[in-house]
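Chain and residue survey
This is what each chain is made of:
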Amino acid sequence: MYPLSKRFSNGGEYLPASEPAGSETSIVIRRSRLWAVLRDSRSLWLLVVFAIAIATHAETLQYWFVATDTLPLIETSRVQSPSGVAELFTQPLMAGTDFVDTALFYRPVSSLSYTLEYAVWGLSPTGYHLTNLLLHGTAAVLAAVTIAEITRRPAVGYLGAVLFAIHPLTAGVVPPIARRQDVLLTVFVLGAFLLFIRSRRANSRRLLVGALGAYAAALGTKEPAVALPGMIFMWLVLYRGIDEWRSTLRRAVTGTVPFVAVTVAYALVRLVVLGGVGGYRASAASGPGLAILFVPLKYLRWVFQPTDVVESVLTALPRSVLLVAVLGGAAIGLALVRYARRRGLDTVGLVALVVASVAVEGMLGVHLLAPAMETVLPFDPTESAIAIGYLVDSLFIVGCMAGLLAAIRGCRTLNSSMRTHLVFFASWSVIVPGLLLATGAGIGDPLRIDDQIQTGYLCLVPAMAALSLLGLTAAEAVAAAIRSRTARIDATVALLVLTVSLVLPLVVTSPLIVSNGDWNAAGQLNQQLLTGLKDELDGTAANAPVRLLAQPTTGSADPPHTTSVKRLQSYSFEAWFELQEPPQNRAVELVGHHELRPPYDRLSVEATRENGTVVIRAAPECTSVFMLRPNGR
């Protein structure tokens, strides 16, 4: 036994006193100590998470104003005095614009963020994009801390937060300034939930008051915040300790009551301000209808397959390979079911395994028969292709999810605590789409994967947390088995393979890796079009109405498409004119549109003063006309 010079807290390794400082043993121990420091450095890992989130969307700092509602939100949020700030809390979102004819929302906290920014940045788009970036980084850090607080495993929090930060769905939320409300919503909900958990564990009223304040801010940001009391109730029920169910339910109800009270107060204010519940007008809301069947699949696609990776891979394979895969897959699926029965897998696990096999076989079969299906579907060729791609990706996700359930039921590595975490994350994940189904609001077109995509931003946190928990647990178990030479193909290996199958497409199509130019292209077109209009309309009456014929709009720049870029509306142009110095109170009517492809360096705005008409030449083959009339529209 060597005399010991020092004992480290990195797993019980020692440095013999007689060992030279530069020896191989001392180097190994120093490396172990360094890894221990890095592993336990919470601030360092949170900084890494924040940096990755910023890097994922750093290119947005070069974008101009994008999204239909960005300029109206900025224009309607400007204030001239402190009393103007108070007015934001007494009026609907984008009050005074045509948007209120489509929907009535009460989101004063979102509006207040634009108020502060306009006071700082004016009409500099870089500042607004910088704010979105910083908020996205903050949401990622809060996701890491919240997941770690729930699971008591920091590594799960860090990995889950990184997957959240780089997720392809964020390309539809972070670049457009108008969708900041979803990022703000997530920041406030995570902050409120984190403070609540800590208030319960520390028995702190001060933290509880902070949680209630953050929840009130979340409600003032966007309506899905009402999901938080449900999350809190589920957490109190699932993490009950040794309490009996009756006392657990009583404790859960009591713990949720303060948040329900805040919800009721918010609802009363909303009723007074909006003159009713608000939401989309009857003519704009899609209503549940058949969407009850599609919304769950739509959310699964948003979270796990928003970029059609599987469809793209299958398209690249020869039909002969697909046919072999169908036949081979059937044989493998049957063999797996028989093997699982012999191993004593319970009924739920067996059913899940059968569903997984049928879903994967269906996915391959649908893609194989796609040409024939396109001829019988009651859609045009483009819609038929979308529907088939929708079905293929949905079957892949359902197959993976059912396979995960079967693997979880048969995996002995997952203890009861981990299963509780998974149940909670699953409950959290379904709350927002459940609210949409219950109200019929914001569902949109079920076949359009990009429609209303921003509402899935909050759902990414629990979904990525669950994948991280499963993946890390399975990877650790497999690595330990390999080291002990006891590795074998079992439920743990299946768990790891299925988790990687869901995570890998998200990583390879992440905005951190794949540059999606749709928003940038839209920003370039908006900049040239709106600034050109401003210049050419100088000298005309500030209240002269405008009629725009064949509005130039952007086409999709490059796949994968996850951004749901939409063209400017009439109130977007009107807000732009109002933001000028001096303001121009122009009523704008849009008639038709013409899709252009980037680059837009050929776009020019030229005025012909004949008969009071301004002609915009967007391309040699496209002409848009502004008709200025002195009275009326």
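In what follows, the accompanying structure is described. (Residues numbered from 1 in each chain as written. Predicted model: local features only at pLDDT ≥ 70, side-chain atom pairs only at ≥ 80, totals over all residues. Heavy atoms only, no water.)

1. Re the overall build of the chain
For the chain, the helix and strand inventory stands at 22 helices and 9 strands. Among the 633 residues that make up the chain, the fraction classed as buried is 50%. Within the chain, contacts between residues at least 6 apart in sequence are counted, and of these 76% link residues at least 24 apart. Counting every atom, the chain has about 29200 Å² of accessible surface; 63% of that belongs to carbon and sulfur. (Helix = DSSP H or I, 4+ residues; strand = E, 2+ residues; numbered from the N terminus. Buried < 20%, exposed > 50% of the residue type's maximum accessible area, 1.4 Å probe, protein only. Contact = heavy atoms within 4.5 Å. Areas by Shrake-Rupley, 256 points an atom, 1.4 Å probe, with all protein chains shown as cover.)

2. What to know about the pattern of salt bridges
Taken as a whole and judged by the stated rule, the model has 10 salt bridges. Linking R198 and E149 is a salt bridge whose minimum nitrogen-to-oxygen distance equals 3.3 Å. Taken together, the residues R198 in helix 8 (residues 180-202) and E149 in helix 6 (residues 125-151) connect sequence positions 49 residues apart. Assessed through its relative accessible area of 28%, R198 is described here as partly exposed. E149 sits in the buried class, given a relative accessible area of 16%. Each of R107, E223 and R270 takes part in one network of salt bridges that share partners. (Salt bridge = Lys/Arg side-chain N within 4 Å of Asp/Glu carboxyl O.)

3. Quick look at the packing of aromatic side chains
With the rule as written, the count across this model stands at 17 aromatic pairs. For the pair F193 and W428, a centre-to-centre distance of 5.9 Å together with 65° between the ring planes defines the contact as edge-to-face. Highlighted residues: F193 in helix 8 and W428 in helix 18 (residues 416-439), separated in sequence by 235 residues. Side by side, F193 and W428 carry an identical accessibility label, which is buried. When the centroid spacing of 5.5 Å and the interplanar angle of 85° are considered together, the rings of F196 and F259 count as edge-to-face. Placement of the pair is F196 in helix 8 and F259 in helix 11 (residues 245-274), with a sequence separation of 63 residues. The buried category is assigned to F196, whose relative accessible area is 1%. Clustering of aromatic rings is evident, with ring pairs tying together F193, F196, Y215, W235, Y239, F259, F424, F425 and W428. (Phe/Tyr/Trp six-rings, centres within 6.5 Å; stacked < 30°, edge-to-face > 60°.)

4. Here we look at the environment of R107
Position of R107 relative to the elements: it lies in the loop between strand 3 (103-104) and helix 5 (108-121). Measuring from C-alpha to C-alpha, the distance between R107 and L88 comes to 8.7 Å, with 19 residues separating the pair along the chain. Aside from chain neighbours lying at most four places away, what touches R107 is L93, Q181, G220, T221, K222 and E223.

5. Description of a nonpolar patch on the surface
Together, L61, V120, W121, L130 and L134 line one region of the surface with nonpolar side chains, adding up to about 410 Å² of accessible area. Residue position: W121 is located in helix 5. (Patch = residues over 30% accessible without salt bridge, like charges linked within 9 Å, V, L, I, M, F, W, Y side chains within 5 Å.)

6. Points about empty space enclosed by the protein
Regions of empty space are outlined by a rolling probe, equal in size to a water molecule, passed over the atoms. Applying the stated criterion across every chain, the model contains 7 cavities of 30 Å³ or more. In this structure, the largest cavity spans a volume of roughly 80 Å³. What lines the largest cavity is T56, H57, E59, T60, Y63, A171, P175, P511, V514, N516 and W519. A class-by-class count of the residues in the lining of the largest cavity yields 6 nonpolar, 4 polar and 1 charged. (1 Å grid on protein atoms, 1.4 Å probe; cavity = no way out; pocket = protein on both sides within 12 Å on 5 of 7 lines; lining within 4 Å. Points joined across faces, edges and corners; volume = space filled by probe spheres on them. Nonpolar A, V, L, I, M, F, W, Y, C, P; charged D, E, K, R; others polar.)

7. Things to note about the nonpolar core
In terms of nonpolar packing, the biggest core is built from 105 residues, with F164, F193, L228, W428, M464 and L495 touching the most fellow members. Per-element accounting of this core gives the leading share, 11 residues, to helix 8. Judged by nonpolar contacts, the second largest core, of 33 residues, contains L93, W519, L530 and L568. (Core = buried A, V, L, I, M, F, W, Y, C linked by side-chain atoms within 4.5 Å.)

8. Considerations on the packing of helix 6 against helix 7 (residues 154-166)
In contact at an axis separation of 7 Å, helix 6 and helix 7 are set at 150° when each is read in the N-to-C sense. Overall, the two elements helix 6 and helix 7 adopt an arrangement that is roughly antiparallel. Every pair of crossing elements has a handedness; the one defined by helix 6 and helix 7 is right-handed. In this structure, helix 6 contributes H136, A139, A140, A143, A144, I147, A148 and T151 to the contact, and helix 7 contributes P154, V156, G157, Y158, G160, A161, F164 and A165. Of the residues assigned to the contact of helix 6 with helix 7, the class counts are 12 nonpolar, 4 polar and no charged. (Axes fitted to C-alpha atoms, helices over the stretch in contact; angles between N-to-C directions. Parallel < 35°, antiparallel > 145°, perpendicular 65-115°, else oblique. Left-handed = near helix turned anticlockwise from the far one by under 90°.)

9. Remarks on unusual backbone geometry
In terms of backbone geometry, most residues other than glycine have negative phi values and most peptide bonds are trans. For the peptide bond that leads from E581 to P582, omega is -5°, which places it in the cis range. The topology assignment puts P582 in the loop between helix 22 (570-578) and strand 6 (588-596). Although it is not a glycine, R152 adopts a positive phi angle of roughly 60°. Along the chain, R152 falls in the loop between helix 6 and helix 7.

10. Concerning the side chain of T97
Inspection of the secondary structure assignment puts T97 in the loop between helix 4 (82-88) and strand 3. A polar contact of 2.8 Å, which involves the side chain of T97, links it to the backbone oxygen of M94. Aside from chain neighbours lying at most four places away, what touches T97 is T76 and Y571. (Polar contact = N/O pair within 3.5 Å; in protein donor to acceptor, adjacent residues only side chain to side chain.)

11. As for the side chain of T146
The topology assignment puts T146 in helix 6. Excluding residues that lie within four positions of it along the chain, T146 makes contacts with L190, F193 and L194.

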